[in-house]
Amino acid sequence: MSKSKKSSQKSQTDDLVGAVLVIGGGIAGIQASLDLTEMGFKVFLVEKTPSIGGRMAQLDKTFPTNDCSLCILAPKMVEVFRNPNIELMTYSEVIEVSGHVGHFYIKILKKPRYVDEDKCTGCGDCASKCPKIEAPNIFDMNLGKRKSIYIPFPQAVPPVYLIDSDMCLFLNKGVCKVCERICEAQAINFEQKPEEVQIEVGAIIVAIGFDMLASKLPDNWGYKYENVITSLEYERILCASGPFEGHVLRLSDEKEPQKIAFIQCAGSRDFHIGIPYCSSVCCMYIAKEAIITKEHSNSSECYIFRHDLRAYGKNFYEYTQRAQDEYGVKYFNSKISKIVEDPETKDLIIHYEDLNDGKFNDLRANLVILATPLVPSEGSEKVAKILGINIDKYKFFKEKTLYDKLSSEREGIFLCGFCQGPLDIPETVADASGVANKVSTLLYPVRNTLLKEKIVSVPEKKINLEDEPCIGVLICHCGINIGKYVDVPQVVEYIKTLPNVTVTVDNLYSCSSDSQTSIKELIAEYDLNRFIVASCTPRTHEKLFQETCEEAGLNKYLFEMVNIRDQCSWVHMEQKVDGTKKAKDLIEMAVAKSRLLKPQKESKLPITPEALIIGGGISGLIATLNIAKQGFTTHLVEKESQLGGNLNNLYQIFPGYQKASEFLEPFVNKVKSHSNINIYLNSNITEIRGYIGNYDVIITTKGNKVNNIKVGAIIVATGANELIPETIYNYKKEKNVITQLELEQKLRKENLEWLDNIKSITFILCVNSRQKEGITYCSNICCTNALKNINILKKLKPDLALILIYRDLQMSKKGNEEFYRDSRKNALFLRYSLDKLPIISKTKNGKFNYKITLFEHNLKGDIEFYSDLIILATPMIAPENFKELSKMLKVPQDQSGFFLEAHVKLRPIDFATDGVFLCGCAHWPKNIQESIAQANGAAGRAIRILGAKEMKTSGLVAEVIEDYCIGCGKCADVCPYNAIELIEVEKTFEDYTLRLKKSKVNSALCKGCGTCGVQCPNSAIIIKHFSFKQINAMIEAYLKN
Amino acid sequence: MKIVEKSSKKQDIEFKPNIVCFCCNWCSYAGADLAGVSRFQYPASIRIIRVMCSGRVEPAFILKSFKDNIDGVLVTGCHIGDCHYISGNEFTKDRFERLTKILKFLGLEDRFRLEWISASEGKKFAELITTFTNQIKKLGPLNNI
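Cut-offs applied
Residues numbered from 1 in each chain as written. Chains lettered and ligands numbered in written order. Predicted model: local features only at pLDDT ≥ 70, side-chain atom pairs only at ≥ 80, totals over all residues. Heavy atoms only, no water. Helix = DSSP H or I, 4+ residues; strand = E, 2+ residues; numbered from the N terminus. Buried < 20%, exposed > 50% of the residue type's maximum accessible area, 1.4 Å probe, protein only. Contact = heavy atoms within 4.5 Å. Areas by Shrake-Rupley, 256 points an atom, 1.4 Å probe, with all protein chains shown as cover. Lys, Arg positive; Asp, Glu negative; His and termini not counted. Charge placed at Lys NZ, Arg CZ, Asp CG, Glu CD. Axes fitted to C-alpha atoms, helices over the stretch in contact; angles between N-to-C directions. Left-handed = near helix turned anticlockwise from the far one by under 90°. Nonpolar A, V, L, I, M, F, W, Y, C, P; charged D, E, K, R; others polar. Buried area = accessible area lost by both parts, 1.4 Å probe. Salt bridge = Lys/Arg side-chain N within 4 Å of Asp/Glu carboxyl O. Polar contact = N/O pair within 3.5 Å; in protein donor to acceptor, adjacent residues only side chain to side chain. Disulfide = S-S within 2.5 Å. Pairing = 2+ DSSP bridges. Patch = residues over 30% accessible without salt bridge, like charges linked within 9 Å, V, L, I, M, F, W, Y side chains within 5 Å.

Trainee: Provide a residue-level description of the overall build of chain B, including the pertinent values.
Mentor: Helices and strands together make up the secondary structure of chain B, namely five helices and four strands. The helix and strand sequence of chain B, counted from the amino end, reads α-β-α-β-α-β-α-β-α. Each principal axis of the C-alpha distribution contributes one length, and for chain B these read about 65 × 40 × 20 Å. Of all 145 residues assigned to chain B, the portion counted as buried reaches 57%. Across chain B, contacts joining residues at least 24 apart in sequence account for 80% of those joining residues at least 6 apart. Of the roughly 6,300 Å² of accessible surface on chain B, 56% is carried by carbon and sulfur atoms. When the 22 positive and 16 negative side-chain charges of chain B are each reduced to one mean point, those points stand 6 Å apart.

Structure (structure tokens):
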């Protein structure tokens, strides 16, 4: 019996294919592909357009940090391009899918580029000579023009040209072929035909994104006028590599507009045109575009027409406030009736209703930007048909269940990113890691079966330390991020004059894949033995350039990075002269250090294939299950006596109205019964030592039972708490003023008699959130929660009067808008503003318990009504004990006390400390659906580490020069990692042999902090890459000239 | 007459201090990046030297800076208890408390400051640079002492 079971299992494994098809090369597809290869799977990444990058590549900046979008995306694009286990198939489409979960057969159609991808060097000679010029540039949203032989954008991956077959003279009229004659690489091939490729994969990820609906908008939005554009078109205008090279100009006269109007919800949330949902990201990117506009020209006036303000993510609400307070952007709470053009000036007149006073007004603007609805990408219906999966009524791909949005209804096919519903970038990235994890859970038995090692074509250069340093310096304009505030050409001229600097060049974006090629060419051409890039921060880009150097045969420790953006141009925007001088100094100091750089070696360390999950709420449970399922021992620590976290306090959950207890039960049971899972209830982490791959953790259980465990990765899933509003609305004294969570607990009771005497309930939203001071953020989940409770209460007691007092309703995401409209039937919705809070007073001997007085904007006066029960929607807050954990794990908290991720856009579930990951409300208040998706993501990120057998350690370590060491042991005393030991060595001096004590650093354990080097009384310890000489040289270089 | 004009002109030129700021990779360097990402503006008076931990900063570096006529030196790191390397900044604290005594003896203590800045304190970083720069401006150039 057992034998036959075993063999059937084996045959199942035999049929699994350790490869994955990813459809769509936007940020979702890119992240999923990168994660999958790290987990041990081969990836076929299929992209319909000629380059990966997707919509994110088109954006100028990203909110809420105003980070340069392409700059953070480009390193990932390059990583995809370099990855030996990602087969990149651009300009290709999936045309047929057959087979079954674990083993699909895929047919892919490769469209002809008429340019040989392997031969094209991306030099651009062809485009400069191509005579056809009228093709609209699709990447620039058709605002600019391009030749019929073109590269979609300068940083495109692959960096290869192609011919537009509709526009090419030769392909249409049989004459020309100029490109073929001019191309030295002989890459032009007019004989190319569409090609069908067949592949086999175990799973499929759909990551196709969105389109911006504009041309189909009703006339009243005025999109037909020249100076009315979509926000994505405006992103291109703002961008330094866009059609106007970063100058804000309007289309009719190419003049700088003074008054710019931004219109939110231009078509979204409109039931008449079939877009009933909120596009989720517009409130934020409009605030961003207005801020960037003000940064371009401080004298311009920016007006934002908004309805609700949906700024629900980390630092989002604060960002919209900064737009107003610091940048002077003006918001109108309004509804637009129509936009018409003044035919003479081409200005636009916006007719709108001011929702604050109900009056109709006009505003004249020079340029209007519409936040038009984001809709499923064209052709997604066709893809759904090919894949045999369903789409929903909005034409987004349909998820398997409300709480499993990463899976489609067909087994083995997964969804991520915007194709499943509106999302912002960090949510997309977390989802991408989540689907990678889902795939890994399915295909883990065939992990590492199809991988190949990266082949390094250029062997590492031998560096003779006596050789003259030959330093190459690349200085980045970063679009206008550096170039506008620092005089880059002047810096280049100066750096050229420094000793040992062989070559200095500047470029628009250093992080693009074509720049990596030119860095490699520079290193080869000038036989460089050191390289410097002056651009953004090493925290995000050092790895990219180090790898490029390695590919050029330069040891990565011979590379040095200078931060002239985050720490120079961005903080000295009004000090061009001083900023330029600073950039020169910083690079000069790096040159001084660079002269003294040495190549370093890296060693390898084994990894403990076990994981620790802190927190047993829904996020923790999901993460635990996912890791355990893939065969790794998982330790789950929960401080309470039962698993389930906040779900233990809820009645029914949003949006499915299941009982929380019933929803939770199967997860808890699975965790309890899984043989790979160790559960520690009533327990706390009391000590964490070690580093990625090998952490020593002490778990203390109530009653002082102590467990020592060793793990390779840690996931923080500690959740968050509801704020108890001690001092607000007399909460402490009044037993009928309660929080939402207390209401849920009342509803959980089997006996609902308490409801009998209640005739009216008032919900107050944004209690102590979105304040000017204190808690300034939007807590994301309170609105939907309140509406859910209203619907539940109405069902329980239909004659109940329900009133909801709100500021803005946070109803973004698919389906929520309709949920809100449905809920409107069940309650009276009244708006209030922060400057006029509702007043609650106790009635005396009245029919009701409380009188509520509220200022009504349309009536311009107070209204009064009565209620028996007041529900306060207070925000979720970070619990006090985060501090302790943050110290133990060495991970930071953000200003609101939640845990701070490594990068708000592209590393939303990582910590800067490698090996520790984050999910659920510990990161930010989020609902169950989002928590589950994020927990999947965190599990996936951890699996990448646990699945690898060993890992490389850094070459940044300490080294003892034995001859100088006096054996005092002071270094060993201060080493926090016990990486230094005193050993006895025998030294022979002529006739005498002495046994001496000497320090020895274990480079596998050393983390390179450098404390020992400072402590050494005899300067016997060298801190590699940060040596005494190197730092001294930097100080000396500062004022030398 | 001409000479007088020249010297009075020279005095009119605003003194712009030259300051070295040591940042640890994990907290204060990230805080300085955050100041940039948030566009918090501050004087272009500092040159950041990145080290992995503030525990790497040798007191000798500060003395070397002053010897090279640098007007002010900042050493920044993670808050006590937050050190990425567990306890590196505790040694920093000890070392620089001792160094401050020596600097007092040399009359240089106002030109040196040790500050803890976390990765989320971009604003604090910008404010620190602004106030420290103003402090050094008041003290004047180092070679004038």
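Trainee: An account of the packing of helix α12 (residues 488-496) of chain A against helix α16 (residues 576-595) of chain A is needed here, citing residue identities and associated values.
Mentor: All names here are of chain A. Relative orientation of the contacting elements α12 and α16 amounts to 35°, with a least axis distance of 10 Å. The way α12 lies across α16 gives a crossing that is right-handed. Here Q490, V491, Y494 and I495 of α12 lie close against α16, whose contacting residues are T580, A583, K584, I587 and E588. Taken together, the residues of the contact of α12 with α16 sort by class into five nonpolar, two polar and two charged.

Trainee: Would you mind going over the side chain of T762 of chain A in detail, with residue names and values included?
Mentor: The residue T762 of chain A is located in strand β40 (residues 760-764) in this model. Once you skip the residues sitting within four places of it in the chain, T762 of chain A turns out to touch I803, I805, I852, F865, S867, L869, I870 and I871 of chain A.

Trainee: So what's going on with the environment of I495 of chain A? Residues and values would help.
Mentor: Residue and element names in this part refer to chain A. In this fold, I495 is placed in helix α12. Residue classification places I495 among the buried positions, given a relative accessible area of 0%. Each C-alpha atom of the pair I495 and V591 lies 8.9 Å from the other, and the pair is 96 residues apart in sequence. If near-sequence neighbours (up to four positions away) are discounted, I495 is found in contact with V473, I475, V501, T504, K584, I587 and E588.

Trainee: Hey, could you go over the interface of chain B and chain A for me, with residue numbers and the actual values?
Mentor: Frequently, the measure chosen for interface size is the accessible area removed from exposure when the parts meet. The interface of chain B with chain A comprises 55 residues on the first partner and 60 residues on the second. In total, about 5,000 Å² of surface goes out of reach between chain B and chain A, with carbon and sulfur atoms giving 58% of it. The three residues of chain B that bury the most area against chain A are R39, R47 and R56 of chain B, which together make up 16% of that side's buried surface. The tally of links between chain B and chain A comes to six salt bridges. For R39 of chain B, the salt bridge identified is with E295 of chain A, shortest N-O distance 3.8 Å. One can count 28 residue pairs in polar contact (both at pLDDT 80 or more) joining chain B with chain A. Mapped by element, the contributors of at least two residues to the side of chain B that touches chain A are β1 (19-24), α2 (28-37), β2 (46-51), α3 (59-67) and α4 (88-106) of chain B. With seven residues, α2 of chain B is the single largest residue contributor to the side of chain B that touches chain A. In terms of residue class, the side of chain B that touches chain A is made up of 30 nonpolar, 14 polar and 11 charged.

Trainee: Tell me about the state of the cysteines, and please be specific about residues and values.
Mentor: With the rule as written, the count across this model stands at two disulfides over all chains. Two residues share a disulfide in this structure: C68 of chain A and C71 of chain A, whose sulfurs sit 2.3 Å from each other. Taking the sign of the torsion about the S-S bond as the criterion, the disulfide between C68 of chain A and C71 of chain A, at about 70°, is right-handed. A sulfur-sulfur separation of 2.5 Å characterises the disulfide bridge that pairs C27 of chain B with C78 of chain B. Linking C27 of chain B and C78 of chain B, the disulfide has an S-S dihedral of approximately 95° and is accordingly described as right-handed.

Trainee: Now, about the sheet that holds strand β3 (residues 72-77) of chain B: what can you tell me, with residues and values included?
Mentor: Residues and elements named next belong to chain B. The sheet built from four strands is open, its strands ordered β2-β1-β3-β4 with parallel pairing. Looking at which strands have only one partner, the edges of the open sheet turn out to be β2 and β4 (112-116). Taken over all neighbouring pairs, the strand axes of this sheet differ in orientation by 20° on average, direction set aside. On the sheet, α3 packs against β1, β3 and β4 and is oriented at approximately 155° with respect to β3.

Trainee: Could you give an account of helix α26 (residues 1028-1038) of chain A, with specific residues and numbers?
Mentor: The buried fraction of α26 of chain A amounts to eight of the 11 residues, a majority that puts the element mostly inside the structure. Considered for burial, the residues of α26 of chain A that qualify are Q1030, I1031, N1032, A1033, M1034, I1035, A1037 and Y1038 of chain A.

Trainee: Talk me through the sheet that holds strand β6 (residues 92-100) of chain A; I want residue IDs and the actual numbers.
Mentor: Residue and element names in this part refer to chain A. With antiparallel pairing, three strands are arranged side by side in an open sheet as β6-β7-β12. Each edge of the open sheet carries a strand with a single partner, namely β6 and β12 (195-201). The average undirected angle you get between the axes of adjacent strands in this sheet is 20°.

Trainee: I'd like a description of a nonpolar patch on the surface, backed by residues and values.
Mentor: Residues and elements named next belong to chain B. Residues L63, I102, F105 and L106 make up a contiguous nonpolar surface patch of about 430 Å² in total accessible area. Element by element, the count of residues in the nonpolar patch is highest for α4, at three residues. Tracing the sequence through the fold places I102 in helix α4. What makes I102 partly exposed here is its relative accessible area of 45%.

Note that every value here comes from positions in space, so none of it alone points to a role or purpose.
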